[in-house]
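# Reading the structure
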Amino acid sequence: MVGAEVWPPADPGALFGAGQAGQYSLSVPLPPGRCRVAKEGNAESLALWMSDEPAAPELWAQLLAAHPATGLWPLLLEPQYWEEDRPQREPRGFHPWETGELSPDRMTSPGDHDPATILADWWDCDGEDDSDGCYQHKPFGHDWPGLAGQSEQRADPGQAAAECARQILANHPRLRLGLVAADSGANALTLVGWEGPANHTLDTAEISAVVGSWERRFGVRVVAVGFDTLYLSVAAPPTSDDDARLLAAEHLAFCPDNFDSDVSITVEDYAVALTSTDTWTFWWD
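Each value, and the rule that gives it
Residues numbered from 1 in each chain as written. Predicted model: local features only at pLDDT ≥ 70, side-chain atom pairs only at ≥ 80, totals over all residues. Heavy atoms only, no water. Phe/Tyr/Trp six-rings, centres within 6.5 Å; stacked < 30°, edge-to-face > 60°. Helix = DSSP H or I, 4+ residues; strand = E, 2+ residues; numbered from the N terminus. Buried < 20%, exposed > 50% of the residue type's maximum accessible area, 1.4 Å probe, protein only. Contact = heavy atoms within 4.5 Å. Polar contact = N/O pair within 3.5 Å; in protein donor to acceptor, adjacent residues only side chain to side chain. Core = buried A, V, L, I, M, F, W, Y, C linked by side-chain atoms within 4.5 Å.

### Brief notes about the packing of aromatic side chains
Across all of its chains, the model carries eleven aromatic pairs by this definition. Residues W123 and F140 carry aromatic rings whose centres are separated by 6.5 Å and whose planes lie at 70° to one another, so their mutual orientation is edge-to-face. Residue W123 is located in the loop between α2 (115–122) and α3 (157–171), and its partner F140 is located in the loop between α2 and α3; the two are separated by 17 residues in the primary sequence. Taking the centre distance of 5.8 Å and the plane angle of 75° together, the rings of W194 and W284 count as edge-to-face. Of this pair, W194 sits in the loop between α4 (185–191) and α5 (204–218) while W284 sits in the segment after β7 (279–283), placing them 90 residues apart in sequence.

### Focus on the environment of L77
Of note, L77 is situated in strand β3 (residues 72–77). Accessibility expressed as a relative area gives 0% for L77, which makes it buried. As a C-alpha pair, L77 and L177 span 100 residues in sequence and 6.0 Å in three-dimensional space. Excluding residues that lie within four positions of it along the chain, L77 makes contacts with L48, M50, F94, W97, L175, R176, L177, G178 and V225.

### What to know about the side chain of H95
Within the secondary structure layout, H95 lies in the loop between β3 and α2. You can call H95 buried: its relative accessible area is 18%. Side-chain polar atoms of H95 contact the side chain of E101, separated by 2.6 Å. The contact partners of H95, leaving out residues within four places of it in the chain, are E78, P79, Q80, E101 and F227.

### Digging into the nonpolar core
Judged by nonpolar contacts, the single largest core of 77 residues is most densely connected at W214, L230 and F254. In terms of residue count, helix α6 (residues 241–254) provides more of this core than any other element does, eight residues in total. Look past the residues within four positions of L230 in its chain and what remains in contact with it is L189, W194, V211, V222, A224, V225, F254, W280, T281, F282 and W284.

Here it is in structure tokens:
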């Protein structure tokens, strides 16, 4: 399978490795594409299949619905952009997906990490009090406040994800379709060897562990991922102000760059939108 270049290979199950080949079938017709090999780390390995052309929103939704049968998680893949052209969204090739700048062999397992412990470790408040170095952490201070409670679903997670994909493609029509052999979107980030948050953590399994917790508590689904960006649909946003503030604290620990783009924003400010938004977007510098 590693040598296969054009999709579909003789056996789609080969994406899972030789030991499981033949156990899976893909009934959804795919556009032209090819398998991509991860070239970072100690050894080359199959990372994902990627379409040659931009993705169609209805196809992404069909593949998400087929995931329980195929074991292939669909992703909308965003390219890296030239920094000076970021406002114009001009792609810099299709890094990291086309070039194999992925490192699955460097990652640990998401199951080895406790989300609450990870976020507590990332709760970085160095000031002596809430007004000195911890402004963005208000209304909390030095001490990690804990996880937000689980929310009741307002929508079907699959339908929410499909609508999120449609909206993302309406705004970013150049995104391509990716397929990763993974049991969830959260785990797909680790299994594909994504290194987007490398300036925050070198082990994407920690990111996957937190996103997996959000899948369970907030009906989150991983919809799109870029060189340093992540887009999640949300079917069960927090319903109380207290849980919204706790969730905003989780976001600050998870992705400080979401706050650093506006140094005047606090956890309390950020929490206001979390009770009504159906998409979470993260960007790491």
